Amino acid sequence: MLVFSADSHIVEPPDLFVNGLPSSLRPRAIQMAVRDGYIMTVTGDRVIHKLRANKPLSAKTEGAPASAVRLGTRDLAGRLEDMAKDGVDAEVVFPSLALWTYVLEDPELELATAQVYNDWNDDFFSPHLDHFVRCGVLPVRRFEDTLAEMKRIAARGFTAAMLPSAVPKGLPAYNDAAWDPVFALAGELGVVPVLHTGTGLEDVVVERGPGAAVINYTRQMIDAQNSIMALVAGGVLDRNPKTQVAVIESGASWLAGLAERMDEVYRAHAVYVSPKLGLRPSEIIRRQVKCSFQSDRACILSRGVTGTEAIMWGADYPHAEGTFPHSREVIRGLFEGVEISEREKADILGGNAARLFRFQAPAAR
Ligand code: MN
């Protein structure tokens, strides 16, 4: 059974953007800095994100328990070693620094950052396509750049490209027909727009009071719900039926609830509904929306609503909240007490993602 993680990350070289951008843009390059006990992600003087520097992410973290050591945070050989240890055959890989591309308001800087990341990602992963799917980053401040960059990476064989999970302020929302050319081209080229949680937000920390950690991490699914609701209700997916959209690290069990609720509203409030859609919202979701999940089993129990092909398991390696090095146990637990065929298990654990991202397992090559 192929185990394909639909959610993983590579940490780019710390100087990737500082060295890679044209010199005029370098002062505002996204980079990480360790300051005052925090790992800060900055662009120019602006702190985009800060995390207390106690998360065991790399082999170099002193005093970290052996189970917390990740060999593949930046290193490919170490990554393959960890994957073998954890029972993961293949991954689609998202960035770390470049997750913050969408906070860059200057279109030139946003475009150049996406291009530097995409070129690096291509060089890094192309020799290892038997284990990895490349996912690019698309700029969105100017849609002509979005289209040009999608064409550029599709020509190199990329089958996935990120768009923001929450549309940054000032841009048309996902229910706006302005997005149609982007989703049309994605469908035409077979590039899957990928919405990874947290992208496009100015700040992922909205709550600081009691329960803040639970609230901030749980609400990661809200951007995905809003964006899928907008893409479906506004007609962008209806008008571009070949385009598949993947929502990553937002959980998946909400998809069935969203589909049924949207159907109910679409029917009950038909007199107010505009635009009219060619299919019911749940049918559009079933045809075009895929979600990754780690351990929320409710998406498996509700697969009759979304279709089994909508759900894809992911490990979120190398993040501390991911399933490494216990992915085998997590996977076993997913199906306990669930009546499900071996075929469906294989699809959820790898087949769905492999087909979506046009990954060919080495055995099939
Ligand atoms: Mn992730």
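Residues numbered from 1 in each chain as written. Predicted model: local features only at pLDDT ≥ 70, side-chain atom pairs only at ≥ 80, totals over all residues. Heavy atoms only, no water.

S.K.: Help me understand the coordination of the manganese ion, please; the structure alone is not making it clear to me.
M.R.: Reference geometry at the metal: tetrahedral coordination by four donors gives ideal angles of 109.5 degrees; octahedral coordination by six donors gives 90 or 180 degrees. Distances from the manganese ion to its protein donors, Asp7 (OD), His9 (NE2), His196 (NE2), Glu249 (OE) and Asp316 (OD), fall within 2.1 to 2.4 Å. Along the chain, the residues that donate to the manganese ion are spaced as D-x1-H-x186-H-x52-E-x66-D. Of the two residues, His9 is situated in strand 1 (residues 4-9) and Asp316 in the loop between strand 11 (311-313) and helix 13 (327-334); the sequence distance between them amounts to 307 residues. For the residue pair His9 and Asp316, the accessibility class agrees, reading buried in each case. (Donors = N, O, S within 2.8 Å, 3.2 Å for Na, K, Ca; no water. Helix = DSSP H or I, 4+ residues; strand = E, 2+ residues; numbered from the N terminus. Buried < 20%, exposed > 50% of the residue type's maximum accessible area, 1.4 Å probe, protein only.)

S.K.: For this particular structure, what's the right way to read the pairing of strand 5 (residues 90-94)?
M.R.: The side chains of a regular strand alternate between the sheet's two faces. With respect to burial, strand 5 is a largely interior element, five of its five residues being buried. Residues Ala90, Val92 and Phe94 point to one face of strand 5 and Glu91 and Val93 to the other, with burial holding for every one of them. As paired strands, strand 5 and strand 6 (residues 132-137) are joined by three bridges and run parallel to one another. Bridge assignment links Val92 to a residue of strand 6, and that residue is Val133. (Pairing = 2+ DSSP bridges.)

S.K.: Can you walk me through the environment of Gly307 in this structure?
M.R.: Structurally, Gly307 is set in the loop between helix 12 (303-306) and strand 11. With 288 residues separating them in the primary sequence, Gly307 and Asn19 have C-alpha atoms 45 Å apart.

S.K.: Even after reading the chapter, I still don't get helix 7 (residues 220-233), so can you show me in this structure?
M.R.: Helical geometry note: an α-helix holds 3.6 residues per turn, so side chains three or four residues apart project in the same direction. With 14 residues, helix 7 should reach 20 Å at 1.5 Å per residue; the first-to-last C-alpha distance of 21 Å fits that figure. Where helix 7 is concerned, the buried positions are Gln220, Asp223, Ala224, Ser227, Ile228, Ala230, Leu231 and Val232. After helix 7 finishes, the residue Gly235 shows a positive phi value of roughly 95 degrees. (Expected span 1.5 Å × (residues − 1).)

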